[in-house]
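Spelled out, the chains give:
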Amino acid sequence: MVRAKPYHDGEDLLPMCYRCSTYNPLMTSAANCCTNCRQPFVHSFVSFEILPLVEFQLEPGISDEDAMRLIEAPAPVTTEDPGWSQSAGDNFEALRLDEQISDPFTARLLSLQSEDEEEFVPVIVNRPTLQAMDPGSVLVCQQPPPLGYQFYRNLLPDLQITLCPSCNKIFHVDDFEMQVLQKGHCPFCRSESNTFKDMSED
Ligand SMILES: [Zn+2]
Ligand SMILES: [Zn+2]
């Protein structure tokens, strides 16, 4: 259903949901979330562009600290079924498919797409999924209690995203550094740049 969308001029300009790849109309009545899967959009607080982040939640029983440890732990060596190499020629297609969903988080997103729910279903991850994540592709807002941590997966890790250590607002790294250099403070909370490491002004 989602994949079979007709081509429209200017589709590139429409906001795309990074969770389900649906192009959203520019003016959506649903408050700032995808019209298809209802995943909230995450905007840069400088450009207000939609960032390629999908928030996820932890399976019950995993604490914020556990999750941080698992994300930072090296991904376990995957013990692939050795059968594929014997018939690599025949199974090329199958192998390629395996590769595409070798990331458990992406596999989770795909499985959620087929569920076709009316209500918003958060992406919930388990321990192996956390452990398989590259720490560089995860953004964590460490909010004081009772808010707790908010976890985001960056689906385009080449696009570097950061958050202000003071207000936890999210930005493209380039935007944030530019603003801090030009103005000397965070564009949102105006925390002085000398509170940010590696960005001292002189
Ligand atoms: Zn969506
Ligand atoms: Zn800030």
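Before any of the text, the structure's been laid out above.
All residue numbers refer to position in the chain's written sequence, counted from 1. Each chain gets a letter, beginning with A, and each ligand a number, beginning with 1, in the order they are written. In view of the model being predicted, local features appear only for residues whose pLDDT reaches at least 70, and side-chain atom pairs are presented and counted only at 80 or more, with totals across whole chains, interfaces and linings using the full set of residues. The basis for the side-chain values is all heavy atoms of the structure; hydrogens and waters are excluded.

Caption draft 1: Quick look at the side chain of His172. Positionally, His172 belongs in strand S6 (residues 170–172). In this scheme, a residue with accessible area under 20% of its type's maximum is buried, one over 50% is exposed, and one in between is partly exposed, where area comes from a 1.4 Å probe on protein chains only. Here His172 falls in the buried class, since its relative accessible area comes to 10%. Whether two residues are in contact is decided by their heavy atoms, any of which lying within 4.5 Å being enough. Setting aside chain neighbours within four positions, we find His172 in contact with Ser44, Ser47, Glu49, Leu51, Leu159, Gln160 and Ile161. Helical segments are the DSSP runs of H or I of at least four residues, strand segments are the runs of E of at least two, and each set is numbered from the N terminus.

Caption draft 2: Region of the structure containing the coordination of the zinc ion (ligand 1). Water is absent from the atoms considered, so a metal site may look incomplete; donors are defined as N, O and S atoms within 2.8 Å of the metal, or 3.2 Å for Na, K and Ca. Protein-derived coordination of the zinc ion (ligand 1) comes from Cys17 (SG), Cys20 (SG), Cys34 (SG) and Cys37 (SG), at a distance range of 2.2 to 2.3 Å. In this scheme the shape depends on donor count and angles: four donors with every angle between 85 and 135 degrees give tetrahedral, four or six donors with opposite pairs above 155 degrees and others between 65 and 115 give square planar or octahedral in turn, and any other case is irregular. Around the zinc ion (ligand 1) sit four donor atoms, and with donor-metal-donor angles ranging over 107 to 112° the site reads as tetrahedral. One chain supplies every donor to the zinc ion (ligand 1), and in sequence these donors are spaced C-x2-C-x13-C-x2-C. One end of the pair, Cys17, is in the segment before strand S1 (53–58); the other, Cys34, is in the segment before S1, with 17 residues separating them in the sequence.

Caption draft 3: How the structure looks around the packing of aromatic side chains. In this scheme Phe, Tyr and Trp rings, the latter by its six-membered ring, pair at centre separations within 6.5 Å, and the angle between planes marks the pair as stacked below 30 degrees, edge-to-face above 60, and tilted otherwise. Under the counting rule described, the total for this entry stands at seven aromatic pairs. Taken together, the ring pairs in this structure connect Phe45, Phe48, Phe171, Phe176 and Phe188 into an aromatic cluster. Look at NZ for Lys and CZ for Arg. If either is within 6 Å of the ring centre and within 35 degrees of the ring normal, a charge sits over the ring. Seen from the ring of Phe45, Lys169 lies directly overhead, with NZ or CZ sitting 5.3 Å from the centre.

Caption draft 4: Structural view of the nonpolar core. With 18 residues, the main nonpolar core has Phe56, Leu58, Phe105, Val123, Val125, Leu130 and Phe151 as its most contacted residues. Where this core is concerned, the elements lending two or more residues are S1, helix H1 (64–72), helix H4 (104–113), strand S2 (123–125) and strand S3 (138–142). At four residues, H1 tops the list of elements feeding residues into this core. Residues within four places of Phe56 in sequence aside, it is in contact with Phe105, Val123, Val125, Leu130, Met133, Val138, Phe151, Tyr152 and Arg153. Here, the term nonpolar core denotes a set of buried Ala, Val, Leu, Ile, Met, Phe, Trp, Tyr and Cys residues that are joined through side-chain atoms within 4.5 Å. Formed by nine residues, the second largest nonpolar core is a distinct cluster that contains Leu51, Leu53, Cys141 and Leu163.

Caption draft 5: Here's a closer look at the sheet that holds S2. Within the open sheet, the four strands sit side by side as S2-S1-S4-S3. Their pairing is mixed. Two strands in the sheet have a free side with no partner beyond their single neighbour: S2 and S3. The sheet shows a mean angle of 40° between the axes of neighbouring strands, direction not considered. Note that S1 and strand S4 (residues 149–154) share four bridges and pair antiparallel. Looking across to S4, one finds that Phe56 is bridged to Phe151. Two strands pair if DSSP finds at least two bridges between them. Fitted lines through C-alpha atoms serve as axes, helices being fitted only where they are in contact, and the angles separating the N-to-C directions of these axes extend from 0 to 180 degrees.

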